[in-house]
Amino acid sequence: MQTSMTPAAIALNRLGLGARADEPLLPGDGRRWVLDQFGRYQARAPGWEGVASSASQVADRARGLRDVRDAPESERAALRQALNRNNRETYLNAVGVRMGSALETPTPFVERMVHFWSNHFAVSIDRVEVLPLAGSFEAEAIRPHVLGRFRDMLLAVEQHPAMLFYLDQVRSIGPESMAAARAAQRTGAKARGLNENLAREILELHTLGARSGYTQDDVIELARALTGWTVAGFDRPPPGSEPGTFVFQPALHEPGSRQVLGRSYSETGQAQAQAILVDVATAPATARHIATKLARHVVSDSPPPALVDQLAQAFMRSGGDLPTLYTVLVQSAETWSSQPAKFKTPWEWSMSSMRALGWRDVPPRQIIAMLNQLGQPVWRPGSPAGYDDLAASWAAPDALLRRVELGQRLAAQLGDAVDARSLAQRVLPGSLGDSSARAIARAESGRMALALLLASPEFQRR
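All of these numbers come straight from a predicted model, not from anything done at the bench.

Rules used throughout
- Residues numbered from 1 in each chain as written.
- Predicted model: local features only at pLDDT ≥ 70, side-chain atom pairs only at ≥ 80, totals over all residues.
- Heavy atoms only, no water.
- Core = buried A, V, L, I, M, F, W, Y, C linked by side-chain atoms within 4.5 Å.
- Buried < 20%, exposed > 50% of the residue type's maximum accessible area, 1.4 Å probe, protein only.
- Helix = DSSP H or I, 4+ residues; strand = E, 2+ residues; numbered from the N terminus.
- Contact = heavy atoms within 4.5 Å.
- Salt bridge = Lys/Arg side-chain N within 4 Å of Asp/Glu carboxyl O.
- Axes fitted to C-alpha atoms, helices over the stretch in contact; angles between N-to-C directions.
- Parallel < 35°, antiparallel > 145°, perpendicular 65-115°, else oblique.
- Left-handed = near helix turned anticlockwise from the far one by under 90°.
- Expected span 1.5 Å × (residues − 1).
- Phe/Tyr/Trp six-rings, centres within 6.5 Å; stacked < 30°, edge-to-face > 60°.
- Lys NZ or Arg CZ within 6 Å of the ring centre and 35° of its normal.

A. Just the nonpolar core, in detail. In this structure, Trp117 and Phe121 are the most contacted members of the largest nonpolar core, which totals 127 residues. Ranked by the residues each element gives to this core, the list is headed by helix H4 (residues 73-104), at 7 residues. Leave out the neighbours within four places in its chain, and Phe121 touches Phe137, Ile142, Phe150, Met153, Leu154, Val157, Glu158, Met163 and His206. Ala45, Trp48, Val51 and Val97 belong to the second-largest nonpolar core, a separate cluster that totals 5 residues.

B. Layout of the pattern of salt bridges. Counted under the stated rule, the structure contains 28 salt bridges. Salt-bridge contacts for Arg224 lead to Glu221; the nearest nitrogen and oxygen are separated by 2.8 Å. Remark: Glu221 and Arg224 occur in helix H11 (residues 216-226); sequence separation between them is 3 residues, near one turn of the helix. What makes Arg224 partly exposed here is its relative accessible area of 29%.

C. Highlighting the packing of helix H16 (residues 346-356) against helix H17 (residues 364-374). Contact pair H16 / H17: the axes reach a minimum separation of 9 Å and the direction vectors enclose 135°. By the angle between their axes, H16 is oblique relative to H17. Here the hand of the crossing between H16 and H17 comes out right-handed. Judged by residue contacts, Pro346, Trp347, Trp349, Ser350 and Met354 of H16 engage Met370, Leu371 and Leu374 from H17.

D. Region of interest: helix H5 (residues 108-120). Between the first and last C-alpha of H5 there are 18 Å, a value that for 13 residues agrees with the 18 Å anticipated at 1.5 Å per step. Among the 13 residues that make up H5, 12 are buried, leaving the element largely enclosed by the rest of the structure.

E. A look at the packing of aromatic side chains. Per the stated rule, a full pass over the model turns up 11 aromatic pairs. On the basis of an interplanar angle of 45° and a centroid distance of 5.8 Å, the ring pair of Trp117 and Phe150 is categorised as tilted. Here Trp117, found in helix H5, pairs with Phe150, found in helix H7 (residues 150-158); they are 33 residues apart in sequence, far enough to count as distant. Residues Trp117 and Phe150 agree in their burial class; the two are buried. Taken together, a centroid distance of 6.0 Å and an interplanar angle of 55° make the contact between Tyr387 and Trp394 tilted. When its relative accessible area of 15% is taken as the criterion, Tyr387 is described as buried. In this structure an aromatic cluster arises from ring pairing among Phe116, Trp117, Phe121, Phe150 and Phe315. Note that Arg98 overlies the ring of Trp347, its terminal NZ or CZ placed 4.6 Å from the centroid. Positioned above the aromatic ring of Phe459 is the side chain of Lys344, whose terminal nitrogen or guanidinium carbon lies 3.8 Å from the ring centre.

Quick look at the structure:
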């Protein structure tokens, strides 16, 4: 039998990231506590200034690859290892900053939304080019726009080097473009052609959603419009561009007007694809897709239809203003249902566990090992769809056993210094069931009591 959640527990856990034992008690009005965070959020929160820019990372990798290419054969293996090691260290640093920000943030609801959008616009370090860019992607494309308009975040995401590399947009060339024509003259064969990956994921995952009425022809036409969107090279960047940044290369662009979702777009170079993205960003299907995902993330695996309708209407009325959507979500009665309908993902459980235990500075390698063991490696989803937001993906018996084991290890690091019974009342105010409370009270030691709290059904859900 599930234990009901109090409004304070809902604010802290469903809308926030979990309570910290050393923070003041939540004020009485949970809605106001959440909404007041909008004015205090910092996109470049402490730590994020240390995440290297995507431009510098792309340029560094290009220099490293050039050095490998130009070196004698006997030196190339060592240079490759050094390059890979540097990329890995950049990733490790960014993981540490991300978790540190989650543990320290004074605006946990907004930080939750950063994580939500980063997963919605997923990239993966499985692509070697993305490994050093995952942190800068979140810092540059997600964090600055989390309290802005959806269309602005969409444009920032699709023009970011991490996304352009991840979905092979840097390899896409218009079949009738100047670059293709020159390649055919040199070799007598066609150059690499049109790549549809980015266009497909924009329509299926980022905006309209699957089965929303777009066709394969729409994908192809958007892919043609996107040709020329690429990353400025290190050796010969176009005039006025910085190596490693987004650039439009006219020579790669497929000439001609485009027809997408029944609307015509004249040949305007870079602006052609931008115009299409602006239109799909404000389409009714996009509004419903985003509303459904947002309600599913916060409220329930099967989001209430009335709440989805309210969010979709707010999206359309506001032109995709994200704080407007968040406000509707926070003010909705469904959000404050006392039933703990959401099961924490491994990231959420790890983060809330460390917040509850008062941790602030966690070694990145420990974070990575923990999330790998729990099945949700940081910035490494199995597909562009990101990680599932459903209990069925995370609540299998073996997954729960891994959480129990990790909870024991986390608790062991604190020993018996923390009173789990008092801690439970701070992190789950008024929401710990009798069965869990008895088990914690009867624990053989303080560390066992802490482990039982972290493994309790009430702490696993939000």
